[in-house]
Amino acid sequence: MSRIVRAAAIQISPVLGDDGSGTARKVCQSIRDAAERGVNLAVFPETFVPYYPYFSFIQPAFRFGGEHLALYERAVVIPGPVTGMVAEAARETGMVVVLGVNERDHGTLYNTQIIFDATGEILLRRRKITPTYHERMVWGQGDGAGLKVVDSAVGRIGALACWEHYNPLARYALMTQHEEIHCAQFPGSLVGQIFADQMEVTIRHHALESGCFVVNATGWLTDEQISQVAGDPALEGPLRGGCFTAIVSPEGKLLGTPLTEGEGMVIADLDFALITKRKRMMDSVGHYARPELLSLLVDRRPARTVHAYGPGAELGGMEILP
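An unreviewed UniProt entry annotates the protein as Nit6803 family nitriliase originating from Gluconacetobacter asukensis.

Here we come to the sheet that holds strand E7 (residues 155-161). Sheet architecture is open: five strands sit in the order E6-E7-E8-E9-E10, paired in mixed fashion. Looking at which strands have only one partner, the edges of the open sheet turn out to be strand E6 (150-152) and strand E10 (246-248). Across the sheet, the mean angle from the axis of one strand to that of its neighbour is 25 degrees, orientation sign disregarded. Relative to strand E8 (residues 181-186), E7 is paired through five bridges, and the arrangement is parallel. Paired with Leu-160 across the strands is Ala-184, a residue of E8. Against the sheet, helix H5 (residues 168-175) makes contact with E7 and E8, and its axis sits at roughly 170 degrees relative to E7, the strand it touches most.

The subject of this paragraph is the nonpolar core. Tyr-54, Phe-186, Ile-203, Val-214 and Leu-239 are the most contacted members of the largest nonpolar core, which has 31 residues in total. Breaking this core down by element, the ones donating at least two residues are helix H2 (55-58), helix H3 (65-74), E8, helix H6 (193-210), helix H7 (223-230) and E10. Here this core takes five residues from H6, the largest share from any one element. With residues up to four places along the chain from it excluded, the contact list for Val-214 reads His-182, Ala-184, Ile-203, His-206, Ala-207, Ala-246, Ile-247 and Val-248. Judged by nonpolar contacts, the second largest core, of 27 residues, contains Ala-9, Ala-217, Ala-268 and Phe-272.

Calculation criteria
Residues numbered from 1 in each chain as written. Predicted model: local features only at pLDDT ≥ 70, side-chain atom pairs only at ≥ 80, totals over all residues. Heavy atoms only, no water. Pairing = 2+ DSSP bridges. Helix = DSSP H or I, 4+ residues; strand = E, 2+ residues; numbered from the N terminus. Axes fitted to C-alpha atoms, helices over the stretch in contact; angles between N-to-C directions. Contact = heavy atoms within 4.5 Å. Core = buried A, V, L, I, M, F, W, Y, C linked by side-chain atoms within 4.5 Å. Buried < 20%, exposed > 50% of the residue type's maximum accessible area, 1.4 Å probe, protein only.

Here it is, written out as structure tokens:
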């Protein structure tokens with residue numbers, strides 16, 4: 001018997017200039033708005049709380065130190081007030097929520113994806129394994145511990161951020177765990193139309209190859225916010241376009257009309273019967289795989305800064321080895 005899950009890919013703009021709580025409140029309101037439309041799963045953009053570091057794309061590193069420090073002060077600690085707010089909204093509405101945040105772990109920021117179950121429990125906290133281009137000056141690298149698919153109230157969910165979708169082995173690591181819904185996140189309001197075009201190809205291909213649904217959310221900057229971030233009209237161009245909030249079926253079909261500008265939601269009913277229909281024809285990790293010829297090695301151990309030998313309690317990033 002088939003299952004139906006109503007999903008929402010949410011495209012909204014952050015609240016700039018406050019301590020980050022304004023964006024978090026906007027997330028919670030969007031969750032409640034989606035619940036009124038019968039949504040079971042809501043996906044938000046990449047590092048949406050407090051905001052994506054757009055400044056790093058248009059400024060050289062030696063100039064954006066102050067803005068980088070400001071992002072540290074506004075970043076999300078897990079667990080903390082922001083995760084508590086979102087967990088409460090998820091629990092109140094009975095909704096699964098996938099949220100991108102700038103996570104602060106002591107002296108390092110990470111591009112982090114959080115999956116909240118319908119109970120408000122955090123099922124997964126994963127960090128982008130390789131920040132892209134300008135992002136390497138902002139975030140640290142994640143590790144293989146987050147390359148997991150988790151069981152949630154709406155099914156088996158996996159997640160990747162932005163150009164992680166150009167790493168076929170990262171995608172395959174999730175595919176081998178039989179994800180039913182893949183949650184993709186991109187920053188939006190970046191690079192221009194070519195970014196949106198590439199994004200469409202990327203998420204539709206993953207849906208076909210994995211035989212799963214893809215729910216993709218991108219952020220949005222208003223004209224006023226673009227001017228605020230750029231500080232110079234000559235720098236505003238790179239902060240326009242690049243939005244493609246959409247939902248894709250396992251057959252690569254767009255479900256509903258993608259959102260390429262403005263705030264809003266793309267909502268679609270996901271019929272899980274389509275997963276079986278697609279995989280009957282091509283199961284890339286089953287009857288279409290050739291594991292005796294091609295296989296993947298994944299190290300899911302969390303990265304450790306210290307490896308200690310002998311008895312003793314684990315401290316911080318220290319692993320005690322026998």
